[in-house]
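# Structural features, examined
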Amino acid sequence: VLVLVLVLVPFTSGTTGQQPAFDGKLRAEKDGSTVAYMIPPYKSNHAATLEVLPDGTLAAAWFSGEAEEASGCAIVFATLPPQSEQWTAAATLSQRLGYSNQNPVLYYDNTTALLHLFHSQAPANAGESHSAIWHLQSADHGKSWTTPAPFLTAPGAFPRNRIIPSLDAGVIFPIYNASNSPAFDNKNYAIMDFGRHNLSQWTLQPVKDSANLVQPSVVRLANSSLRAYFRDRRAQHIYTATSHDDARTWTVSLKRKHLFLSYFKKKRKLRLLTVSLFLFLAKHPEATDLPNNNAGIEANVLATGDVVLVYNPTTKDRNPLTIALSVDGGADWKYHRNLQDGDSLSGSASSLEFSYPTVLQTRDENIHILYTYDRLTIKYKRVTASWIKGGV
């Protein structure tokens, strides 16, 4: 594969005193949070990924270019060193003439001390159906990187959310396929990619009955089971499923199972139907009470075992952007607080977009979120669990 480098002219945000400074500097907000606006390398910026390194450095990547599917749309990388109040300027890591690179996913492997970066690559302005996943890695915490190379070339392969460790010393990489397979009603569908032997061997396993459900975000709960949350291509609900065999199979939640069986057990004549219907439904991801606008979401587990989920609480727009907190393993979401509701600029933008979040917690119990800010840049926001519950 011939990889050509396209040099784009760095984008100047043209901010004024009325706008937040896109300078990467951390600033305290009146609501008790801390925010920063990344230095935008190019005109359009979207789909951030966030990882924490062993020394506490926050590592971020996103895609940046003339537009989302434009030729030369690049994967860029920035860091926030420990105790620093300044994100670094983003470096361009992966760029190819005639192609658009998108949806980076960072993963630090504690066993090999390698920082991995996966991203999609598709012909420019050609959609997602012919995309492949590419990979590069760093042995020095992002100071230098290997040459980007194909990782998964199956047409339509697309990443989005974070990789998590499996129970057998490997990893689980939740991805999706956009090639519209006949096995999934000619729709996009979710996949679990299992990595073994220091990520040298991989096995793909589609998620059964996941047509229209993409970009799974997977978290491991306190009982070692997995909970997945899915973006809905139909723009209706966030969907969820639970796995008790490390992502090999997925079922509906125990809470929904209990409610379902309790209702039908009262109807003696329906007991046979109850068993048959439940066996059918139990193998399908289920809709949650949370809306989805066919945009990215991400969940993660806190040190307490509570789960946070960042999403747009709407079926239409990408504003506002909300963080929710669950104290029962992601079954219910007791607490919600907007991370962004309306533009931070003094004037209103013609089209507000606060989307594609990534979230993690560090050992100091701070919760860090990155998200797309009107495609102009990536916004960083730091909060705590108490902040989500309504405090500071």
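Below, the structure is looked at part by part.

Conventions used here
Sequence order sets the numbering: in each chain, residues are counted from 1 along the sequence as written. Confidence filtering applies because this is a predicted model: local features only for residues at pLDDT of at least 70, side-chain atom pairs given and counted only at 80 or more, and all residues used for totals across whole chains, interfaces and linings. Hydrogens and water are ignored here; the side-chain numbers use all heavy atoms of the structure. Strands here mean DSSP runs of E at least two residues long; helices mean DSSP runs of H or I at least four residues long; both are numbered from the N terminus. The classification of residues rests on relative accessible area computed with a 1.4 Å probe and restricted to protein chains. Under 20% of the type maximum is buried, over 50% is exposed, and intermediate values are partly exposed. Should any heavy atoms of two residues lie within 4.5 Å, those residues are counted as being in contact. DSSP calls a pair of strands paired once it identifies at least 2 bridges connecting them. A cavity, in this analysis, means grid points on a 1 Å lattice covering only the protein atoms where a 1.4 Å probe fits yet has no way out; a pocket is instead an open set bounded by protein on both sides within 12 Å along at least five of seven lines, and a residue lines either one if it has an atom within 4 Å of a point. Grid points are joined across faces, edges and corners, and a volume is the space filled by probe spheres set on the points. Put simply, a salt bridge is a Lys or Arg side-chain nitrogen that is within 4 Å of an Asp or Glu carboxyl oxygen. Aromatic rings from Phe, Tyr and Trp, with only the six-membered ring used for Trp, were paired whenever their centres fell within 6.5 Å, and each pair was classed as stacked if the ring planes differed by under 30 degrees, edge-to-face if by over 60, and tilted otherwise. Angles here are taken between N-to-C directions and fall from 0 to 180 degrees, while the axes themselves are lines fitted to C-alpha atoms, restricted in helices to the stretch in contact.

## Some words on the overall build of the protein
The number of helices and strands found in the protein is 3 helices and 26 strands. For the protein, the proportion of its 392 residues judged to be buried stands at 54%. Long-range pairs, those at least 24 residues apart, make up 51% of the contacts in the protein with a sequence separation of at least 6.

## Things to note about the pairing of strand β7 (residues 99–109)
In terms of residue burial, β7 counts as a mostly covered element, since 10 of its 11 residues are buried. Summarising the sheet, β7 and strand β8 (residues 114–123) pair through 9 bridges and their orientation is antiparallel. Looking across to β8, one finds that L106 is bridged to L117. Hairpin remark: β7 followed by β8, antiparallel, with 4 residues in the connecting loop; positive phi at A113, about 60°.

## Some remarks on the layout of surface pockets
The computed volume of the largest pocket comes to approximately 1200 Å³. Along its surface, the largest pocket is lined by 48 residues, and E51, V52, L360, Q361 and T362 are the ones closest to its centre. Counting only elements with at least two residues in the lining of the largest pocket, the list comes to β3 (44–52), β7, β12 (164–165), β14 (187–196), β16 (213–220), β20 (298–301), β24 (354–361) and β26 (377–383). Ranked by residue count, the leading element in the lining of the largest pocket is β7, at 4 residues.

## Focus on the environment of E85
Mapped onto the secondary structure, E85 falls in the loop between β5 (74–80) and β6 (91–94). Sequence separation between E85 and K25 is 60 residues, and the spatial gap between their C-alpha atoms is 5.9 Å. Leaving out residues up to four positions away in the same chain, E85 has contacts with G24, K25, L26 and L80.

## Let's talk about the pattern of salt bridges
As enumerated under the stated definition, the model contains 13 salt bridges in all. Close ionic contact of R233 with E128 constitutes a salt bridge, the shortest N to O distance being 3.3 Å. Of this pair, R233 sits in the loop between β17 (226–232) and β18 (237–243) while E128 sits in the loop between β8 and β9 (132–138); the two residues are 105 residues apart in sequence, bridging distant segments of the chain. Given a relative accessible area of 21%, E128 falls into the partly exposed group. Between D246 and R220 there is a salt bridge, and its shortest N-O distance comes to 2.7 Å. In this pair, D246 sits in the loop between β18 and α1 (254–265) while R220 sits in strand β16, placing the two residues 26 residues apart along the sequence. Taking relative accessible area as the criterion, D246 reaches 8% and is therefore assigned buried. Salt bridges linked by common partners bring D168, R196, R220, D246 and R248 together as one network.

## Let's talk about the packing of aromatic side chains
Within this structure, the stated rule accounts for 14 aromatic pairs. Judged by centre distance (6.3 Å) and plane angle (80°), the ring pair of F22 and Y373 falls under edge-to-face. Taken together, the positions of F22 in the segment before β1 (27–28) and Y373 in strand β25 (residues 367–373) put the pair 351 residues apart, joining distant regions of the chain. Assigned by exposure class, F22 and Y373 land together as buried. Judged by centre distance (5.0 Å) and plane angle (90°), the rings of F151 and W202 are edge-to-face. Residue F151 is found in strand β10 (residues 149–152), and its partner W202 is found in strand β15 (residues 201–206); the two are separated by 51 residues along the sequence. On the basis of relative accessibility, which here comes to 24%, the residue W202 falls in the partly exposed class. Here the aromatic cluster, defined as three or more aromatic residues joined through ring pairs, consists of F22, Y37, F354 and Y373.

## A word on the sheet that holds β5
Sheet architecture is open: 4 strands sit in the order β3-β4-β5-β6, paired in antiparallel fashion. The two strands at the open ends of the sheet, each matched to only one other strand, are β3 and β6. Here the average twist between neighbouring strands, direction ignored, is 30°.

## What about the pairing of β17?
Most of β17 is tucked away, with 7 of its 7 residues classed as buried. Of the two faces of β17, the one lined by L226, A228, F230 and D232 and the one lined by R227, Y229 and R231 are each fully buried. Judged from the 6 bridges that link them, β16 and β17 form a sheet pairing that is antiparallel. Across the sheet, V218 pairs through a bridge with A228, a residue of β17. Where β16 folds back onto β17 in an antiparallel hairpin, the turn is made up of 5 residues, including S224, whose phi is positive at roughly 75°. Strand direction decides the pairing type here: β17 and β18, joined by 5 bridges, are antiparallel. Across the sheet, residue Y229 finds its bridge partner in β18, namely T240. Taking the residues between adjacent antiparallel strands as the criterion, β17 and β18 are bridged by 4 residues, where A235 takes a positive phi near 60°.

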